[in-house]
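Residue-level structure breakdown
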Amino acid sequence: MHTCAFNSVKLTLDEPMTATTEVKQPNFLMMKRVWIAIALPIVIFYFSGIQGLVQLAIVWIFASIMLLMFAYKKFRIKKWNVSTRDHFGEQDGMWSHEFGSTFMKLDQQRGLIHLREENKQKTYPFSAIKEWRYNLSTTRERTGINKELDRTHDFRESGFYIAVDDVQFPEWRVMFFPQKGDFNSQEGIRDTELQLKRWMHIFDKVINR
């Protein structure tokens, strides 16, 4: 049995899946905004000398700080974009997803599911799985600081949820993040939706086999 909090369209893809390759990690020092922030005082010094550099200190310091802040924000998103680790095991029967402090792995051969969320982890037989669903929370109306708060809320509310026959831990949440864009972009929302639907299909295929 499975339910879906965002979209109940069932996937029917049956093409073979293989393990994904590692994605190159972003480098903060190689970002354009960082280079501009570093180059700005150098250019001012070159054309105006030390006197001009001092006179325009407030301007270039403020501009450099803003550039570095925006660069870090972009860097953080790019780093999260490549932090997902998936293994699709058509050949070996192992299916796994890892992001942040959460992890799930389906061992098709042994009929086991391994789950980790924050500081707890546990293994269950497939027979203990009661249902699975996903929630994709999105808010795109607001701007500024409210938009950032919405982004954080959306991330914390979204994920893949697995209900199991366990009194102590009846439900587990596995985190997902866009591999392109973020939660406040249409590209990011669509990418996350596809990831979640892919795992709905995998669970349906593996658990109900």
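Notes on the structure follow. Worth saying up front: this structure is predicted, and the values here are computed from it rather than measured.

Analysis parameters
- Numbering of residues starts from 1 in each chain and follows the order in which that chain's sequence is written.
- A pLDDT threshold of at least 70 governs which residues receive local features in this predicted model, and a stricter bar of 80 or more applies before side-chain atom pairs are shown or counted, although totals over entire chains, interfaces and linings include all residues.
- By convention in this description, side-chain values take in all heavy atoms of the structure and omit both hydrogens and water.
- Only DSSP runs of H or I with at least four residues qualify as helices, and only runs of E with at least two residues qualify as strands; both kinds are numbered from the N terminus onward.
- Each residue's exposure class comes from its accessible area (1.4 Å probe, protein chains only) as a fraction of the maximum for that residue type: buried when under 20%, exposed when over 50%, partly exposed otherwise.
- Note on contacts: a residue pair qualifies if any of its non-hydrogen atoms lie within 4.5 Å across the two residues.
- Contacts described as polar in this section are N or O atom pairs within 3.5 Å, which, within protein, must combine one atom able to donate a hydrogen with one able to accept it, while residues neighboring in sequence count only if both atoms come from side chains.
- Multiply 1.5 Å by the residue count of a helix minus one, and that product is the helix's expected span.
- Two strands form a pair only when DSSP identifies at least two bridges running between them.
- Under this scheme, a helix contributes an axis fitted over its contacting stretch, all axes are lines through C-alpha atoms, and angles between N-to-C directions fall in the 0 to 180 degree range.

1. Some points on the environment of Q195
Inspection of the secondary structure assignment puts Q195 in helix α4 (residues 186–207). Taking the relative accessible area as the measure of exposure, Q195 reaches 2% and is therefore buried. Linking Q195 and F176, residues 19 residues apart in sequence, is a C-alpha distance of 7.9 Å. Setting aside anything within four residues of it in sequence, one finds Q195 in contact with T84, H97, F176, F177, P178 and Q179. A distance of 3.0 Å separates a polar side-chain atom of Q195 from the backbone oxygen of F177.

2. Examining helix α2 (residues 57–81)
Counted at 1.5 Å a residue, the expected span for α2 with its 25 residues is 36 Å, and the 36 Å between its end C-alpha atoms agrees. Buried within α2 are the following residues: A57, W60, S64, A71, F75, I77 and N81.

3. Considerations on the sheet that holds strand β6 (residues 129–135)
Strands sit in the order β6-β7-β8 across an open sheet of three strands; the sheet is antiparallel. Unpaired on one side and paired on the other, β6 and β8 (171–174) mark the two borders of the sheet. Between one strand axis and the next, the sheet turns through 20° on average, direction left out of account. Along the sheet, α4 contacts β6 and β7 (159–164); its crossing angle with β6, the most-contacted strand, is approximately 165°.

4. A look at unusual backbone geometry
Here the phi dihedral of E118 falls at roughly 55°; this positive angle occurs in a residue that is not glycine. Summarising the element assignment, E118 is placed in the loop between β4 (112–117) and β5 (120–125).

5. Details of the pairing of strand β2 (residues 94–99)
In the sheet, strand β1 (residues 85–88) pairs with β2 via four bridges, with the strands oriented antiparallel. The partner of R85 across the bridge, within β2, is E98. Count of turn residues in the β1/β2 antiparallel hairpin: five residues, of which G93 carries a positive phi of about 75°. Summarising the sheet, β2 and strand β3 (residues 102–107) pair through six bridges and their orientation is antiparallel. By the bridge assignment for β3, W95 is matched with L106.

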